[in-house]
Amino acid sequence: MKLMIVRHGDPDYEHDSLTPKGWKEAGLLADRLSKISVRAFYCSPLGRARDTASVTLKRMGREATVCNWLQEFPASIIRPDSGKRGIAWDLLPGFWTKRRILYDKDGWYHDPVMETGNVQEFYRAVTDGFDAVLSQYGYERSGMCYRVSVENRDTLVFFCHLGVGCTMIGHLLGIPAPVLWHGIFLAPASVTTLVTEERERGTASFRCTGLSDTTHLSLGGEPISSSGLFPEAFQTSLE
């Protein structure tokens, strides 16, 4: 089985849609996806993901199943830097890198800061929803792997968001979500590909073969958006 996790195009957050650049990215993404055989499409209910998906779906004459658990990871916490409520997947490095529990794949959501919100509830909604989809195609979660009841070479495409995409990747690979939230970047309109390996008969694990791939954008001459990335550097005077 092959899974393709697609982040929405360059976002217009004010209108929950795409910028003109995002629409160009969605077209180049459709150029790529329309050339492959896709068993099923799944999509976030949010406008920017649905707009991104719409270009591919229209071109292929297909529809996507809309899943609420694919929306951007909605859990909020009381931020330690401000004391105000904010998103759980955007913490400053001076804080999160010092919290050993956030590196624990089984216990990161029990960190006291994470427990100021409903992080575990939403995390379970994502992972349970994801596993329910995979079970429809013959892959049942069993510990950190999957029990194979129906082998296949199906390709599933998920149109979603940066935070929830990292959550899904972490669930498949056994990596705590905070490490991926802060340690990798899924560019707008990028494709992350994971495939199953069945080295022991009846047991499958997932392996990432392409992370945040934007080849289709580069081939179309479209610059890569940095939306969601913080590449700035502070300039410190030596005087």
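What you see is a predicted model, and the numbers here were worked out from it, not measured in a lab. (Residues numbered from 1 in each chain as written. Predicted model: local features only at pLDDT ≥ 70, side-chain atom pairs only at ≥ 80, totals over all residues. Heavy atoms only, no water.)

Asks: How should the packing of helix α4 (residues 119-136) against helix α5 (residues 162-173) be read in this particular structure?
Replies: Each pair of packed helices can be summarised by the angle the axes make with each other and by the distance between the axes. The interhelical angle for the contact between α4 and α5, taken along N-to-C directions, is 65°, at an axis separation of 10 Å. Considering how the two elements wind past one another, α4 and α5 form a crossing that is right-handed. Packed against α4, whose contacting residues are Y123, V126, T127, F130, D131 and L134, the element α5 presents V164, T167, M168, H171 and L172 at the interface. Along the lines of polarity and charge, the residues of the contact of α4 with α5 split into seven nonpolar, three polar and one charged. (Axes fitted to C-alpha atoms, helices over the stretch in contact; angles between N-to-C directions. Helix = DSSP H or I, 4+ residues; strand = E, 2+ residues; numbered from the N terminus. Left-handed = near helix turned anticlockwise from the far one by under 90°. Contact = heavy atoms within 4.5 Å. Nonpolar A, V, L, I, M, F, W, Y, C, P; charged D, E, K, R; others polar.)

Asks: Sorry, what's going on with the packing of helix α1 (residues 20-33) against helix α2 (residues 47-60) here?
Replies: Where α1 meets α2, the closest approach of the two axes is 8 Å, and the angle between their N-to-C directions is 40°. The angle between α1 and α2 places the two elements in the oblique class. The way α1 lies across α2 gives a crossing that is right-handed. Between α1 and α2, the contacting residues are W23, A26, G27, L29, A30, D31 and L33 on the first element and D51, T52, S54, V55, T56, R59 and M60 on the second. For the contact of α1 with α2, the residue count by class is seven nonpolar, four polar and three charged. (Parallel < 35°, antiparallel > 145°, perpendicular 65-115°, else oblique.)

Asks: Is there a simple way to explain the layout of surface pockets in this structure?
Replies: Unfilled space is identified by rolling a water-sized probe across the atoms. In this structure, the largest pocket encloses a volume near 550 Å³. Of all the elements in the fold, those that place two or more residues in the lining of the largest pocket are α3 (93-96) and α6 (177-183). Tallying contributions element by element places α6 first for the lining of the largest pocket, with three residues. Classifying every residue of the lining of the largest pocket by side-chain character gives 13 nonpolar, six polar and five charged. K105, D106, Y123, R141 and M144 are the residues nearest the centre of the second largest pocket, which is lined by 14 residues in total. Among the elements of the structure, α4 and α5 are those that each provide at least two residues to the lining of the second largest pocket. Split by residue class, the lining of the second largest pocket holds six nonpolar, four polar and four charged. (1 Å grid on protein atoms, 1.4 Å probe; cavity = no way out; pocket = protein on both sides within 12 Å on 5 of 7 lines; lining within 4 Å. Points joined across faces, edges and corners; volume = space filled by probe spheres on them.)

Asks: Can you walk me through the pairing of strand β9 (residues 145-148) in this structure?
Replies: The side chains of a regular strand alternate between both faces of the sheet. By the alternation rule, side chains of β9 split into Y146 and V148, which are all buried, and C145 and R147, of which none is buried. Taking the residues between adjacent antiparallel strands as the criterion, strand β8 (residues 139-142) and β9 are bridged by two residues, where G143 takes a positive phi near 70°. Direction of pairing for β9 relative to strand β12 (residues 203-213): antiparallel, over a ladder of two bridges. What sits directly across from Y146, in β12, is A204. (Buried < 20%, exposed > 50% of the residue type's maximum accessible area, 1.4 Å probe, protein only. Pairing = 2+ DSSP bridges.)

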